[in-house]
Amino acid sequence: MATGKISALVTGASSGIGAEFCRQLAERCEVIIAVGRREVELQALAAELSAKVEVHCVIADLTTVEGQTRVIETLRQKGPVDYLVNNAGFSTLGAFSELDLAPQQAMVELHITAPMALCRAAIPFMRERGGGFIINVSSLVTFGAHPMVAVYGASKVFLNHFSEALQQELADTGIKVQSLCPGYTRSDFHGRDSMQGFDAAMVPESMWMEADEVVRISLAELAGDQVVVVTGAGNQSLASTGLEGQIKRLQG
């Protein structure tokens, strides 16, 4: 049943940036729809936020049509939402021609198809309410081509272009679209099996950010007109000069 409460839907909410979006949006919203694959973590987050906000946990794999359909149906039943955060994501590490194709296709479903489907479901309701906020979590790797993460980077480039075009289409609706480009962020992202071989020690300490800082920047930037938002002065420098070259320079 549709509600007039201020609401948010966050994907990839069980940890990292997604969980932090839920925490900080709990200060702005009355209802949060937290989407993820890990039920234990989602339930723990819901318990943590229960005194502040009504949380609905949706266990769904957004790499599948079934998972996408489940979340869209929840959005229709529990929404409309004022904030849509398309955060769910993962990466593989390795040469494209040597990796299994299935995870690469799953990445496209998660980073491209799912955000498109959720935006398409949410926007008509936002338009009726006179506004809303869409945050598509992209990546710093969109500023240049990076081997070993070819599909990840390309899928995130889509989010930048999609978000910019969408904002132009929605300019007179009161809906704001943001493509958030974090750099290295402390979470479980780099520790997953699909990122086996990643050496965090190779990244200078100064390049890491905490998830809460990334989310604070994102939400603060919603007050402005910038669509593609790069978090932090250091990352903004990297975006303009090239990520890999800067890492090598900082390593000396």
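See the structure printed just above.
Residues numbered from 1 in each chain as written. Predicted model: local features only at pLDDT ≥ 70, side-chain atom pairs only at ≥ 80, totals over all residues. Heavy atoms only, no water.

Participant: Summarise the packing of helix α1 (residues 16-25) against helix α2 (residues 39-49); cite the residues concerned and give the values.
Facilitator: For any two helices packed against each other, one specifies the crossing angle of their axes together with the interaxial distance. Relative orientation of the contacting elements α1 and α2 amounts to 20°, with a least axis distance of 11 Å. As far as their axial angle goes, α2 and α1 are roughly parallel. Note on packing geometry: the crossing formed by α1 with α2 is right-handed. Together, A19, C22 and R23 of α1 and L45, E48 and L49 of α2 make up the contact between the two elements. (Axes fitted to C-alpha atoms, helices over the stretch in contact; angles between N-to-C directions. Helix = DSSP H or I, 4+ residues; strand = E, 2+ residues; numbered from the N terminus. Parallel < 35°, antiparallel > 145°, perpendicular 65-115°, else oblique. Left-handed = near helix turned anticlockwise from the far one by under 90°. Contact = heavy atoms within 4.5 Å.)

Participant: Give a detailed account of the pairing of strand β5 (residues 132-137), specifying residues and quantitative values.
Facilitator: Of all 6 residues in β5, 5 are buried, a share of seventy percent or more. Where strand β4 (residues 83-86) and β5 come together, 4 bridges link them in parallel fashion. Across the sheet, the residue bridging to Y83 is F133, located in β5. Taking the sense of rotation as the criterion, the β-α-β connection linking β4, helix α4 (residues 101-129) and β5 turns out right-handed. (Buried < 20%, exposed > 50% of the residue type's maximum accessible area, 1.4 Å probe, protein only. Pairing = 2+ DSSP bridges. Right-handed = clockwise from strand over helix to strand, strands pointing away.)

Participant: Which residues make up the packing of helix α3 (residues 65-78) against α4, and what are the values?
Facilitator: At a closest axis distance of 10 Å, the pairing of α3 and α4 adopts a crossing angle of 20°. One finds that α3 runs roughly parallel with respect to α4. Once α3 is placed against α4, the crossing between them reads as right-handed. Contacts from Q68, V71, I72, L75 and R76 of α3 reach α4 at E109, T113, A114, A117, L118, A121, A122 and F125. Its residues assigned to classes, the contact of α3 with α4 shows 9 nonpolar, 2 polar and 2 charged. (Nonpolar A, V, L, I, M, F, W, Y, C, P; charged D, E, K, R; others polar.)

Participant: Could you give an account of the packing of aromatic side chains, with specific residues and numbers?
Facilitator: If you walk through the whole model with that rule in mind, you get 2 aromatic pairs. When the centroid spacing of 4.9 Å and the interplanar angle of 20° are considered together, the rings of Y83 and F133 count as stacked. Of this pair, Y83 sits in strand β4 while F133 sits in strand β5; the two residues are 50 residues apart in sequence, bridging distant segments of the chain. A relative accessible area of 8% means that Y83 is categorised as buried. (Phe/Tyr/Trp six-rings, centres within 6.5 Å; stacked < 30°, edge-to-face > 60°.)

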